[in-house]
Amino acid sequence: MRAVKPYLEVRLRRIHVTRGERTVLRGIDWHIRPGQRWVLVGANGAGKTQLLKLIAGAVWPVPEPHSLRRYRWGREVRSSPYEAQDEIAYVGPERQDRYERYGWNHSVEQIIGTGIHRSDIPLQELVAADRRTIAALARRLGLTALLSRRFLTLSYGERRLVLLARALASRPRLLLMDELLNGLDAARHANALRFLATTRRSRLPWILSVHRREDIPATATHVLILEDGRVHYRGPRSRAPLARWFAPAPALTRLRVPRSRRRGRLLVRLTGAQVFLDEHRALSGITLSIRQGECWVIHGPNGSGKSTLIRTIYGDHGVAAGGRIERAGIVSGVPLENFKRTVGLVAPHLQADHPRDLTVAEVVQSGRRASIGLVDAPSTADRAAARAALACFD
């Protein structure tokens, strides 16, 4: 009979973490035991991601007298993360961005299989036992229909759940989930919560960072609240002061918008548009006109083609033969870049595209050129426009 695999216990004491010249975590004390299911709460910039990366061993604490980071499984205790890293599974936006950055476009089955073999990219052939494990995980997370698809053809939410399946395939001793539920539609959100509910049958410890009250699983046992890099609360969920962190959303006010008698100038028109991503048909028969002064909301489940439609309008994807796309000012011989410089695009994949050594100001300045990174030195006008935009969002 195979012995039951012990789960990981982690203890942090008086931990400080700096990134660049900024201290992002201060005096962290935390003890994570097998069987505990933690929710990590805090505002943007509170230090949630850095804390998870610290536990995962990807970030080092500031050397301090009497500071401590220890990992225990069974009778073994380690003070270095190197021995424990392979036993910790981490799922988060930054890990997801790596696939976009490096163009790792393997099939979903292969991606989940890398969890079994604990490698970044497929290095070994999948045997029958591997395929059975992958199929079982795909059923558990509602991913069966995606197994043959290429990873980079999936939606943002679909990719996140595939990486969760990959993490589970590694049979981790500790599971870290950074904003796992962000970007999931209602059905996949419910699926993920159902999965987390099943973990109460094991002693697998996990930590899930959240921004919304509805993302807190009913099976969570403990809560840690971070505020400005410090622990504000750490303890049982039943006593956690969550009310101040999840204030009720303000009531929506219906505004009366005067209807113009004149139709705005045509900006983009799609006619019978089909778009293929690596032989997968992502859009089919789209006919749509967008005019000046109109504000559209695109809604649909994960995988319905929302991001593909936006990137097609922008010019990142082409329309297949038989369909058509027209853009204001773009005729034969006029570079598409002229249109892109008049359009602002905000999308998750852009976070992976920009060079890591750029400052925040330089990334914003690059928007004036619709470029990834800065091709030329920013002008005085570029700097002024960037300062104004940054001030707008505090």
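One can find the structure itself at the top, above this paragraph.
Definitions and limits used
- Residues numbered from 1 in each chain as written.
- Predicted model: local features only at pLDDT ≥ 70, side-chain atom pairs only at ≥ 80, totals over all residues.
- Heavy atoms only, no water.
- Helix = DSSP H or I, 4+ residues; strand = E, 2+ residues; numbered from the N terminus.
- Buried < 20%, exposed > 50% of the residue type's maximum accessible area, 1.4 Å probe, protein only.
- Core = buried A, V, L, I, M, F, W, Y, C linked by side-chain atoms within 4.5 Å.
- Contact = heavy atoms within 4.5 Å.
- Salt bridge = Lys/Arg side-chain N within 4 Å of Asp/Glu carboxyl O.
- Axes fitted to C-alpha atoms, helices over the stretch in contact; angles between N-to-C directions.
- Left-handed = near helix turned anticlockwise from the far one by under 90°.
- Nonpolar A, V, L, I, M, F, W, Y, C, P; charged D, E, K, R; others polar.
- Pairing = 2+ DSSP bridges.
- Phe/Tyr/Trp six-rings, centres within 6.5 Å; stacked < 30°, edge-to-face > 60°.

(A) Representation of the side chain of Lys340. Within the element layout of this structure, Lys340 appears in helix α8 (residues 337-340). Using a relative accessible area of 11% as the deciding quantity, one classes Lys340 as buried.

(B) A look at the nonpolar core. Core analysis: the biggest nonpolar cluster contains 48 residues, and Val41, Ile112, Leu164 and Leu175 have the highest contact counts within it. Here the element with the most residues in this core is helix α5 (residues 156-169); it accounts for 8 residues. Not counting the four nearest positions on each side in its chain, Leu164 is found in contact with Val91, Leu141, Leu175, Met177, Leu180 and Phe195. Leu25, Trp38, Ile55 and Tyr90 belong to the second-largest nonpolar core, a separate cluster that totals 29 residues.

(C) Structural context of the pattern of salt bridges. Under the definition given, this model contains 19 salt bridges. Measuring nitrogen to oxygen at the nearest pair gives 3.9 Å for the salt bridge that ties Arg188 to Glu158. Taken as a pair, Arg188 in helix α6 (residues 186-198) and Glu158 in helix α5 lie far apart in primary sequence, 30 residues in all. Neither residue differs from the other here; Arg188 and Glu158 are each classed as buried. Between Arg369 and Asp382 there is a salt bridge; the shortest N-O distance is 3.0 Å. One end of the pair, Arg369, is in the loop between α10 (360-366) and α11 (380-392); the other, Asp382, is in helix α11, with 13 residues separating them in the sequence. Salt bridges sharing common partners tie together Glu76, Arg78 and Glu83.

(D) The packing of helix α3 (residues 108-117) against α5, seen in detail. Relative orientation of the contacting elements α3 and α5 amounts to 30 degrees, with a least axis distance of 6 Å. For the crossing formed where α3 meets α5, the hand is right-handed. In this structure, α3 contributes Val108, Ile111, Ile112, Thr114, Gly115 and Ile116 to the contact, and α5 contributes Val162, Leu163, Ala165, Arg166 and Ala169. Within the contact of α3 with α5, the residues separate by chemical class into 8 nonpolar, 2 polar and 1 charged.

(E) A look at the sheet that holds strand β7 (residues 174-178). The strand order across the open sheet built from 6 strands is β6-β7-β8-β3-β9-β10, with neighbouring strands paired in mixed fashion. Sheet topology places β6 (88-91) and β10 (230-236) at the edges, where each strand pairs with a single neighbour. Averaged over all neighbouring strand pairs, the angle between strand axes comes to 15 degrees, with direction disregarded. Across 5 bridges, the pairing between strand β3 (residues 37-41) and strand β8 (residues 206-210) is parallel. Among the inter-strand pairings, Val41 is bridged to a residue of β8, identified as Val210. Along the sheet, helix α1 (residues 48-56) makes contact with β3, β6, β7, β8 and β9 (222-227), crossing β7 at roughly 155 degrees.

(F) Expanded view of the sheet that holds strand β5 (residues 76-78). An order of β2-β1-β4-β5 is seen for the 4 strands of this open sheet, with the pairing classed as antiparallel. Of all strands in the sheet, those bounded by a partner on one side alone are β2 (22-32) and β5. Strand-to-strand, the axes of this sheet are offset by a mean angle of 20 degrees, without reference to chain direction. Direction of pairing for strand β1 (residues 9-19) relative to β2: antiparallel, over a ladder of 7 bridges. Paired with Thr18 across the bridge in β2 is Thr23.

(G) Quick look at unusual backbone geometry. Located in the positive-phi region is Asp278, a residue other than glycine, with phi close to 50 degrees. In this structure, Asp278 sits in the loop between β11 (266-277) and β12 (280-291). Asp278 sits in the partly exposed class, given a relative accessible area of 49%. Residues other than glycine seldom take positive phi values, yet Glu279 does so here, at roughly 70 degrees. Structurally, the position occupied by Glu279 is in the loop between β11 and β12.

(H) Spatial organisation of the packing of aromatic side chains. Inspection of the entire model under this criterion finds 5 aromatic pairs. Geometrically, the ring pair formed by Tyr99 and Trp104 is edge-to-face, given 5.3 Å between the ring centres and 85 degrees between the ring planes. Residue classification places Tyr99 among the buried positions, given a relative accessible area of 2%. With a centroid separation of 5.2 Å and an interplanar angle of 35 degrees, the aromatic rings of Tyr102 and Trp104 are classed as tilted. The partly exposed category is assigned to Tyr102, whose relative accessible area is 49%.

(I) Focus on the environment of Ser155. With respect to the secondary-structure elements, Ser155 resides in the loop between α4 (128-141) and α5. With relative accessibility at 16%, the residue Ser155 sits in the buried group. Setting aside anything within four residues of it in sequence, one finds Ser155 in contact with Asn302 and Gly303.

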